[in-house]
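Chain by chain, the residues run as shown.
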Amino acid sequence: MTYNNLLSKLPPHSELHYLSDADSEYQSIKHKFILFSYTTDMPETISALKSNNINYTIKTDSFDLDYILI
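Remember, it's a predicted structure, so these values are computed and weren't measured experimentally.

Q: An account of the environment of Leu35 is needed here, citing residue identities and associated values.
A: For Leu35, the position within the fold is in strand β2 (residues 33–36). According to the relative accessible area criterion, Leu35 is buried, its value standing at 0%. Sequence-wise, Leu35 and Pro11 are 24 residues apart; in three dimensions their C-alpha atoms are separated by 12 Å. Setting aside residues up to four positions removed in sequence, Leu35 forms contacts with Leu10, Ser14, Glu15, Leu16, Thr40, Thr45, Tyr67, Ile68 and Ile70.

Q: Describe the packing of aromatic side chains, and please don't skip the residues or the numbers.
A: Applying the stated criterion to the full structure yields six aromatic pairs. For the ring pair Tyr18 and Phe33, a centre distance of 5.2 Å and an interplane angle of 40° mean the geometry is tilted. You can see Tyr18 sitting in strand β1 (residues 16–18) and its partner Phe33 sitting in strand β2, a full 15 residues away along the chain. Summarising the aromatic geometry, the rings of Phe36 and Tyr38 are spaced 5.5 Å apart at their centres and angled 20° between planes, so their arrangement reads as stacked. An aromatic cluster is defined as three or more aromatic residues linked by ring pairs; in this entry it consists of Tyr26, Phe36, Tyr38 and Tyr67.

Q: Lay out the sheet that holds β2 in plain terms, naming residues and giving numbers.
A: A sheet is described by the order of its strands in space; here four strands give the open sequence β1-β2-β4-β3, paired in antiparallel fashion. Edge strands, defined here as strands with exactly one partner in the open sheet, are β1 and β3 (57–60). The average undirected angle you get between the axes of adjacent strands in this sheet is 30°. Two strands pair when backbone bridges link them, and β1 and β2 are joined in this way by three bridges, in the antiparallel orientation. Paired with Tyr18 across the strands is Phe33, a residue of β2. Where helix α2 (residues 42–51) meets the sheet, its contacts fall on β2, β3 and β4 (66–69), and the angle it forms with β4 comes to roughly 20°.

Q: Tell me about unusual backbone geometry, and please be specific about residues and values.
A: The general pattern is negative phi for most residues beyond glycine and trans for most peptide bonds. Backbone geometry at His13 places phi at a positive 70°, although glycine is not the residue there. Looking at where His13 falls in the secondary structure, it is placed in the loop between α1 (3–9) and β1. Note on His13: relative accessible area 75%, which makes it exposed. Backbone geometry at Asn53 places phi at a positive 55°, although glycine is not the residue there. Within the secondary structure layout, Asn53 lies in the loop between α2 and β3. When its relative accessible area of 70% is taken as the criterion, Asn53 is described as exposed.

Conventions used here
- Once a new chain begins, its residue numbering starts again from 1 and follows that chain's sequence as written.
- Local features in this predicted model are restricted to residues whose pLDDT is 70 or higher, and side-chain atom pairs enter the listing and the counts only when it is 80 or higher, whereas totals over whole chains, interfaces and linings include all residues.
- As a rule here, side-chain values cover all heavy atoms of the structure and leave hydrogens and water aside.
- The way it works is that DSSP assigns letters per residue, a run of H or I at least four long becomes a helix, a run of E at least two long becomes a strand, and they are numbered from the N terminus.
- Here the term buried applies to any residue with accessible area under 20% of the maximum for its type, exposed to any over 50%, and partly exposed to those in between, with areas from a 1.4 Å probe on protein chains only.
- Residues are treated as being in contact if the distance between any of their heavy atoms lies within 4.5 Å.
- Two rings belonging to Phe, Tyr or Trp (six-membered ring only in the last case) form a pair when the distance between their centres is within 6.5 Å. Interplanar angles under 30 degrees mark stacking, angles over 60 mark edge-to-face geometry, and anything in between is tilted.
- Any two strands between which DSSP finds at least two bridges are classified as paired.
- All axes are obtained by fitting lines to C-alpha atoms, using only the stretch in contact for helices, and the reported angles, taken between N-to-C directions, cover 0 to 180 degrees.

So this is what it looks like as structure tokens:
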């Protein structure tokens, strides 16, 4: 899935980032994109991901903040 295609399926004002641009703490071989909990509406975003059958993983960083890997 491309960046623009994925962004079009997310709630407005979601800040989607390429995982390659994120700090090493967030890196994952299985994922290409990241959404941080403080830049998106988590419940609405998770609902959008589920309704569009997009695989994702929710994790928590060293600051105890959630983020979504796609």
